[in-house]
Amino acid sequence: MLLGLVLLMCAPACGPAREVLLLTAQPSRPKEGSSMTLICETQATSQKTDAQLKFCFFKDGRALGQGWSSSPKLLLPTVWREDSGSYWCEEKTTALRATRSPRIQIQVQDNDASVVPGRGCGLPPEGIPVWNVSLEVQPPGGQVQKGKKLVLICLATQGTGDITFSWYKGALGLNLETKTQSSLAAKFEILAVTDSDTEKYYCTADNGYGPSISELVSVTVRSPVSRPVLTVGEPGAQVFPGDVVELRCEAQSGSAPILYRFYHEDVTLGSSSAPSGGGASFNLSLTAEHSGNYSCEADNGLGPQHSEAVPLTVTVPTEDRKELLTSGILEGLFGTLGPTIMALLFCCWLKKRIGRRPARDPSRSPPSPVPQVSNYVNSAAPLREPSVYENVNIVSSGNEVYSLVYHTQQERPAAVEPRRTQSTDQDAAAIYFRLKKASVTDVDYEDAM
């Protein structure tokens, strides 16, 4: 019997588990007449609340101590062989939501350390108790792909004889498997995991001295992402340069986190992450060059998946299109014909430069052309001196060109020959007109100057 203990019934509260608890005993193998402390400790926590926690300890379905208490520890001043058995603890809030720890077996030892319980006094011990039990998972890290195999390995660093291994799932300790074998390790396999296998696991090992419990290990079942679906802006909406469109990529299934990448004609535009799953978006400011096919990729580390291509046409206004076309043509001409055009322009400029003459002052009379010698004979009189012709004005009308010409006889000294006589008279106004058809080869005299 437990001395100094008052056994009270604590009605266990029911409800969904909020935290994972483990009950430990110090020492784990108490001796008769010694004290033992039970500790109800949290191994994995969820969202904390501000409510005050209360604890209750149980042995074989009976509450120990004063029942519910705010202390997570319970001191048993003196324990005896009859106190060996199954223990667990519970934790609850003022809202009566309770969490129960897995059961543990506590075996109270005889005072004689050389005596093994159950074999009588004075008999030598038959083996070494199991010690330092741990649980390992494969694949390492507890990340397993949906449909793949999960292996739970229960290990002990010491212990002799046949050891009974047990595997448990969840905070309430759902027993998955129990096997006995003469080794320090045993494994349990789940051939094809599902989403429901995402949980916390632990194992126990016992060779007759009482079970030793491992720590909790988390296992997460991860699902590959499905093929994502890409939406580009509003379906059917017309877009123009300068508009901002949203690229939305979403995989309907797949474990988080998911990384999304966005592509335009196989060129990466950017990426966005969805830490909690779902979809992700990428905003794009459009230019005329953004017309084309778009796609996206979803990847959560279990293999990327690509979406189908989605076309997008950026509508360029007519004025902008003309400007783009003109600039494109000019760029092409200057790029390919630039040197030739510059050479031609330089030649034209040089030709005009050479042919340019100073402008005539309107107040000055036009210069006279080089005198021409006339051989006309008007009568039987002796030959006259060479005539001088001078253009006074040029008048054009339509395609006809008229020139007004003055003819002046100049005096010259008498010659030795008797046939040539000096003329004392001077024709004052020998005027005649010449009419001809204007042609492209005629040049205005003033312009020629």
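Report follows, based on the coordinates. In every chain, residue numbers begin from 1 and rise along the written sequence. Per-residue local features of the predicted model are confined to residues with pLDDT of at least 70, and side-chain atom pairs are confined, for both listing and counting, to 80 or more; whole-chain, interface and lining totals are unaffected and use all residues. Remark: hydrogens and water are excluded; side-chain values derive from all non-hydrogen atoms of the structure.

**Here we look at the state of the cysteines**
- The disulfide criterion is simple: two cysteine sulfur atoms within 2.5 Å. The final tally for this structure, using the stated rule, is three disulfides.
- At a sulfur-sulfur separation of 2.1 Å, the disulfide partner of Cys 154 is Cys 203. Taking the sign of the S-S torsion, about 85° here, the bridge from Cys 154 to Cys 203 comes out right-handed. Within this pair, whereas Cys 154 is found in strand 11 (residues 150-158), its partner Cys 203 is found in strand 15 (residues 199-206), the two being separated by 49 residues in sequence. As far as the burial class goes, Cys 154 and Cys 203 line up, both buried.
- For Cys 249, the disulfide goes to Cys 296, at an S-S distance of 2.0 Å. Between Cys 249 and Cys 296, the disulfide has an S-S torsion of 70° and is therefore right-handed. Of this pair, Cys 249 sits in strand 19 (residues 244-250) while Cys 296 sits in strand 23 (residues 292-299), and the two are 47 residues apart along the sequence. Secondary structure elements are taken from DSSP: a helix is a run of H or I of four residues or more, a strand is a run of E of two residues or more, and numbering for both begins at the N terminus. Each residue gets one of three labels from its accessible area relative to the maximum for its type: buried under 20%, exposed over 50%, partly exposed in between, using a 1.4 Å probe on protein chains only.

**A few points about a nonpolar patch on the surface**
- Residues forming no salt bridge and having over 30% relative accessible area are the ones grouped into patches, like charges within 9 Å of each other and nonpolar side chains (Val, Leu, Ile, Met, Phe, Trp, Tyr) within 5 Å. Here the accessible surface of atoms and residues is derived via Shrake-Rupley with a 1.4 Å probe, and residues count as covered only by protein chains that are part of the display. We count a salt bridge whenever a side-chain nitrogen from Lys or Arg sits within 4 Å of a carboxyl oxygen from Asp or Glu. Judged by side-chain polarity, Ile 341, Met 342 and Leu 345 come together as a nonpolar surface patch covering roughly 280 Å² of accessible area.
- Along the chain, Ile 341 turns up in helix 2 (residues 338-355).
- What makes Ile 341 partly exposed here is its relative accessible area of 30%.

**What to know about the environment of Asp 243**
- Looking at the secondary structure, you find Asp 243 in the loop between strand 18 (229-232) and strand 19.
- A relative accessible area of 28% places Asp 243 in the partly exposed class.
- In this view, Asp 243 contacts Gln 238, Leu 284, Ser 285 and Leu 286; residues no more than four positions away in its chain are not counted.
- At 2.8 Å, the side chain of Asp 243 and the backbone nitrogen of Phe 240 are in polar contact. Contact criterion: two residues are considered in contact whenever any of their non-hydrogen atoms come within 4.5 Å of each other. Throughout this description, a polar contact denotes any pair of N or O atoms lying within 3.5 Å of each other; where both atoms belong to protein, one of them has to be capable of donating a hydrogen while the other can accept it, and for residues adjacent in sequence the pair is counted only when both atoms sit in side chains.

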